[in-house]
Structures are given as C-alpha cells and as structure tokens.
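In case you want the letters, here they are:
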Amino acid sequence: MSLSATEVAAAGDAWVWSPPDAEVVSTDGYTLVRLPDYFEFDLSVVSFTPAGPLGPAVDALLERARTFDVPVLDWQVLIGAPAGLAAELAARGGRVKLELEVLAADLSDGVPALRPSDLDVATSWATDPATARDALVLQQSAFGGELPPADRFEAAAARNRDSVPAGRGGTLVAHLDGVPVGSAGVELVDGVARLTGGVVAEQWRGRGVYRALIGARLAYAAAHGARMALVKANPTTSGPILRKVGFTPFGPEPVYAVPLR
C-alpha cells in the first residue's frame, strides 16, 4: 500500500496536541492551547475547522485569543488547512517563525531497513523519574523554555508506565555509556504513529543517534499495528534524515506568529 496525500493530510489534521497541564479552549471551529509557563511559547492554535467564511472565522479566533493577554499567537498552517489561510494570517501581521514539513512512511509492510548507528546507543522508555528528567532536559536544551517543576518528572514517568505497555506510545531516551544523548516520542492513534520531539545533544549529532531513535519508535509502532508513521519535521535538520530512511514529504506546514496587541 502507498500512502495518499488525502489520508496523510487527514492524519495530520487529526493530530491535536496539548500537554496534560495546559489550558484548552475548544469550540466547533477551533482549539486553542495555553501552554504552561515553562514552555518557550504561550498560546497556540492546534485545530481550525471553520464552518463559515474564512476571514470572519480568523477574526473570531483572534478575538478569543486576545483574552489570554499574551502578545503572540502561534498558528500552524496545516496541509489540510482552508485555502487562503496563510494569506489571511499575513494580512493580520502574521509572519512565519518556523518552517515545518509533513513526512510519512507506510508501515503496512513492516519497518523500512535502517543503517545502524555509528555508536553503541541504548534506548529505553522514560518510565522512571530520572529517565523522564533526562528527556525533559534534552528537550528544553533544544526547544527552549524552562524545565518543568520536579513533580512533573514522576507524572511523565507514570504516563509512560501506563501508555507504553498499552501500545499507545511514550518517550524514549538514547543513552551512550549511561549518558543521555537523545530523546524522542511516539504516540499511536487510530493506526498512525505520530513521531514527536526528536532531539540529539549537539556534540553527538550526525552519528546515528536520531536514526536509532527513529528505528526504535518504528519497531514499536509496527509491533502495535500502526499502518503509517507521521512526522512534522524541521526540513533542514530531521527532514533529510527522515527522507533517507524512507519517509516521503507531503508538504510544508509553516508556523505563523500572529500579533495579538
């Protein structure tokens, strides 16, 4: 089976993310997520499905976003977004802050063969507080923000202890001689493996750590019945690696920063 653009777009549109301690505002037309203070950004649109004219729907969402009293709204223009959305955001002062692209791999015939890492990398699930902390430190170093409070380490580990054996995914950490060198997540929803948060410590990049994390997540996904792996990747960092291991690009998904003041 080969993946169609339509099913990849649908899987991407269904990917609505929010951390467990976020504030979520959901209506029939959109979902807004107010992130905890330790994140680098404040407020984000995670779904937008207007039933009426596009311009008024954008204005209504922005008006609701202004009630959070933050300066900027992050709005990712999905490949399945309404035509003209990017132009509407630009007309309201929105500027592209991050370029992302959607890549997908067909897992119906199993996991594509990956070249082994150059290093003796061991991967483990973050099912204990120390490993969960390793993952959060790596993510914070790559994506900015601050470390969450210490009680979030145990909360994250508890979620992994529940979700990993149940086949819903979790967070992996790559270690080299006991030192955490990379981290990445996977979430399984309706046969789709959503690959998230891939990061490798700067001094270990280019040596197969990220490839090892891809392989471990794909093997887990295939073992739990996933038919597709989906990534929203940085086209200049993880994107080239994903293409080399068998992922196909399906289009850009730029993130706009839209001023609210």
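Predicted model, so just to flag it, every value in this text is computed and none were measured.

Visitor: Break down the overall build of the protein chain for me, with residues and values.
Guide: Across its full length, the protein chain carries seven helices and 13 strands. Expected size for 261 residues packed as a compact globule is a radius of gyration near 18 Å; at 18 Å, the protein chain falls within 12% of this value. For the protein chain, the C-alpha atoms occupy an extent of roughly 55 × 45 × 35 Å along the three principal directions. When the 261 residues of the protein chain are sorted by exposure, 44% land in the buried category.

Visitor: Please provide a residue-by-residue account of the packing of aromatic side chains, values included.
Guide: Inspection of every chain in the model, using the stated rule, returns three aromatic pairs. An angle of 65° between the planes, with centres 6.0 Å apart, marks the rings of Trp17 and Phe39 as edge-to-face. Here the residue Trp17 occupies a position in the loop between α1 (5-13) and β1 (23-26), and Phe39 occupies one in the loop between β2 (30-34) and β3 (43-48), the gap between them amounting to 22 residues. Judged by relative accessible area, which is 23%, Phe39 ranks as partly exposed.

Visitor: Which residues make up the environment of Val46, and what values do they have?
Guide: When you line up the elements, Val46 lands in strand β3. When its relative accessible area of 13% is taken as the criterion, Val46 is described as buried. C-alpha separation for the pair Val46 and Asp118, spaced 72 residues apart in sequence, amounts to 37 Å. If near-sequence neighbours (up to four positions away) are discounted, Val46 is found in contact with Trp15, Val16, Trp17, Thr31 and Val33.

Visitor: If you had to explain the nonpolar core to someone new, which residues and values would you point to?
Guide: Core analysis: the biggest nonpolar cluster contains 30 residues, and Ala193, Val209, Leu242 and Phe247 have the highest contact counts within it. Elements with a minimum of two residues in this core: β6 (101-106), β8 (169-176), β9 (179-189), β10 (192-200), α6 (209-223) and β11 (228-233). A total of seven residues in this core trace back to one element, the largest contributor, which is α6. Beyond its immediate stretch of four places on either side in the chain, Leu242 contacts Leu103, Tyr210, Ile214, Val231, Ala233 and Phe247.

Visitor: Explain α6 to me, and be specific about the residues and the numbers.
Guide: Compared with the 21 Å implied by 1.5 Å per residue over 15 residues, the 21 Å span of α6 between its first and last C-alpha is a close match. Buried within α6 we find Val209, Tyr210, Arg211, Leu213, Ile214, Gly215, Arg217, Leu218, Tyr220 and Ala221.

Visitor: Tell me about the pattern of salt bridges, residues and numbers included.
Guide: Working definition: two side chains of opposite charge can pair if their charged atoms are close together. Overall, the coordinates contain 13 salt bridges when judged by the stated rule. Note that Arg152 and Asp21 form a salt bridge whose closest N and O atoms lie 3.7 Å from each other. Pair noted here: Arg152 is in helix α5 (residues 151-163) and Asp21 is in the loop between α1 and β1, with a separation of 131 residues, a long-range link. Taking relative accessible area as the criterion, Arg152 reaches 22% and is therefore assigned partly exposed. Asp21 sits in the partly exposed class, given a relative accessible area of 30%. Between Arg243 and Glu101 there is a salt bridge whose closest N-O contact spans 2.6 Å. On the criterion of sequence distance, the pair formed by Arg243 in helix α7 (residues 238-244) and Glu101 in strand β6 is long-range, its members being 142 residues apart. Via salt bridges that share partners, Asp59, Glu88 and Arg92 belong to a single interconnected network.

Visitor: Can you explain the pairing of β6? Please cite residues and give values.
Guide: Most of β6 is tucked away: five of the six residues are buried. Bridge count between β6 and β11: six bridges; the pairing is antiparallel. Within β11, the position partnered with Ala104 by the bridge is Leu230. In terms of strand pairing, β6 meets strand β12 (residues 248-252) through four bridges, oriented antiparallel. In the strand pairing of β12, Leu103 is matched with Pro249.

Visitor: Report on the sheet that holds β12, specifying residues and quantitative values.
Guide: Ordered in space as β7-β8-β9-β10-β11-β6-β12, the seven strands form an open sheet in which the pairing is mixed. Pairing within the sheet leaves two strands with one partner each, and these edge strands are β7 (122-125) and β12. Between one strand and the next, the sheet's axes are offset by a mean angle of 25°, whatever the strand orientation. The sheet contact formed by β8 and β9 spans eight bridges and is antiparallel. Following the sheet pairing, Thr171 is matched in β9 by Gly185. Sitting on the sheet, α1 is in contact with β6, β10, β11 and β12, with an inclination near 65° to β11.

What counts, and at which threshold
- Residues numbered from 1 in each chain as written.
- Predicted model: local features only at pLDDT ≥ 70, side-chain atom pairs only at ≥ 80, totals over all residues.
- Heavy atoms only, no water.
- Helix = DSSP H or I, 4+ residues; strand = E, 2+ residues; numbered from the N terminus.
- Rg over C-alpha atoms; globule rule 2.2 N^0.38 Å.
- Buried < 20%, exposed > 50% of the residue type's maximum accessible area, 1.4 Å probe, protein only.
- Phe/Tyr/Trp six-rings, centres within 6.5 Å; stacked < 30°, edge-to-face > 60°.
- Contact = heavy atoms within 4.5 Å.
- Core = buried A, V, L, I, M, F, W, Y, C linked by side-chain atoms within 4.5 Å.
- Expected span 1.5 Å × (residues − 1).
- Salt bridge = Lys/Arg side-chain N within 4 Å of Asp/Glu carboxyl O.
- Pairing = 2+ DSSP bridges.
- Axes fitted to C-alpha atoms, helices over the stretch in contact; angles between N-to-C directions.

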